[in-house]
Amino acid sequence: MRSIKVSDVMWNHIEPIRCGTPLTKVVKALLENHVTGLPVVDAQRQVLGFVSEQDCIHALLVSNYHCEGEPLVDDVMFKEPVTITADMALVDVAQNLGHGKPKVYPVTDHGRLIGIVTRSAILAELARAGCGITLPKFARAD
């Protein structure tokens, strides 16, 4: 179990959100990728924040109610996201999961985004490794 690394289960094909992105585009990216949140990066892929479904729901409710126009991701993102590295043991990440903890972790190399790890990917890998359950490499939310 300790030999399984974050790099073994991380997704590196999902495009991160850039600062200045309108919230409707953020929502579209979340829904298309079946994730509950995404990192927000600058042009050099340095992680600046994190935006979740919850952030989007709240912001869209408020902006729609007050007819304030479309918010930008910069207005709603969490500015101190928890990040992990690709060489971390997956079991260490799994032990830190809990109520109120992130469901998606940005994976970084010297602050630069290289992928994400979802709770679903962690769960699938732990089930496959510990129970011999045959699952696709990454469990899908749909």
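The shown structure was predicted, so the numbers you read here are calculated from the model rather than taken from an experiment.

Q: For this particular structure, what's the right way to read the overall build of the protein chain?
A: When helices and strands are counted, the protein chain shows 5 helices and 6 strands. Counting from the amino terminus, helix and strand elements in the protein chain follow one another as β-α-β-β-α-α-β-α-β-β-α. Across the 142 residues of the protein chain, 38% fall into the buried class. Sequence-distant contacts, at least 24 apart, represent 60% of the contacts inside the protein chain between residues at least 6 apart.

Q: Is there a simple way to explain helix α1 (residues 23-33) in this structure?
A: Side chains three or four residues apart in an α-helix point the same way, a direct result of the helix having 3.6 residues per turn. Buried residues of α1: Leu23, Val26, Ala29 and Leu30, and no others. Seen end-on, α1 carries its buried residues on one side only, within an arc spanning 115°. In α1, the exposed positions angled more than 90 degrees off the buried face are occupied by Lys25, Leu31 and Glu32. With its phi angle positive at about 55°, His34 sits one or two positions after the end of α1.

Q: Can you walk me through unusual backbone geometry in this structure?
A: Note on backbone geometry: most residues besides glycine have negative phi, and most peptide bonds are trans. Within the chain, His34 stands out as a residue other than glycine whose phi angle is a positive 55°. Position of His34 among the secondary structure elements: in the loop between α1 and β2 (37-41). Classification of His34 by relative accessible area gives partly exposed; the value is 33%. Despite not being glycine, His110 shows a phi value in the positive range, around 55°. Here His110 lies in the loop between β5 (104-109) and β6 (112-118).

Q: Looking at this structure, how should I read the sheet that holds β5?
A: Taken together, 3 strands build an open sheet; the order of strands is β4-β5-β6 and the sheet is mixed. Two strands lie at the open edges of the sheet, namely β4 (84-85) and β6, each paired on one side alone. Relative to β5, β4 runs parallel, the two being bridged by 2 bridges. The residue of β5 that forms the bridge with Thr85 is Thr108.

Q: Which parts of the structure should I look at to understand the sheet that holds strand β3 (residues 47-52)?
A: In a beta sheet, neighbouring strands pair by backbone hydrogen bonds and run either parallel or antiparallel. Taken together, 3 strands build an open sheet; the order of strands is β1-β2-β3 and the sheet is mixed. The two strands at the open ends of the sheet, each matched to only one other strand, are β1 (17-18) and β3. Bridging between β2 and β3 involves 5 bridges; their strand directions are antiparallel. Residue pairing for β3: Leu38 is matched across the bridge by Val51.

Q: Please explain the nonpolar core as it appears in this structure.
A: Across soluble globular proteins, nonpolar side chains have a tendency to be buried as a group. Ranked by size, the top nonpolar core spans 33 residues in total, and within it Ile17, Val26, Leu38, Val51 and Val117 carry the most contacts. Here this core gets 4 residues from one element, more than from any other, and that element is α1.

Q: Explain the pairing of β3 here, please?
A: On any regular strand, side chains alternate: one points to one face of the sheet, the next to the other face. Extensive coverage of β3 is indicated by the burial of 5 of its 6 residues. Counting the residues that bridge the hairpin from β2 to β3 gives 5 residues, and of these Arg45 lies at a positive phi of roughly 65°.

Q: Hey, could you run me through a nonpolar patch on the surface in this one?
A: A contiguous nonpolar surface patch, about 270 Å² in accessible area, is contributed by Ile57, Leu61 and Val62. Residue placement: Leu61 occurs in helix α2 (residues 53-66). The exposure class of Leu61 is exposed, given its relative accessible area of 57%.

About the cut-offs
Residues numbered from 1 in each chain as written. Predicted model: local features only at pLDDT ≥ 70, side-chain atom pairs only at ≥ 80, totals over all residues. Heavy atoms only, no water. Helix = DSSP H or I, 4+ residues; strand = E, 2+ residues; numbered from the N terminus. Buried < 20%, exposed > 50% of the residue type's maximum accessible area, 1.4 Å probe, protein only. Contact = heavy atoms within 4.5 Å. Arc of directions from axis to C-beta. Pairing = 2+ DSSP bridges. Core = buried A, V, L, I, M, F, W, Y, C linked by side-chain atoms within 4.5 Å. Patch = residues over 30% accessible without salt bridge, like charges linked within 9 Å, V, L, I, M, F, W, Y side chains within 5 Å. Areas by Shrake-Rupley, 256 points an atom, 1.4 Å probe, with all protein chains shown as cover. Salt bridge = Lys/Arg side-chain N within 4 Å of Asp/Glu carboxyl O.

These results come straight from atomic positions and should not be treated as a statement about function.
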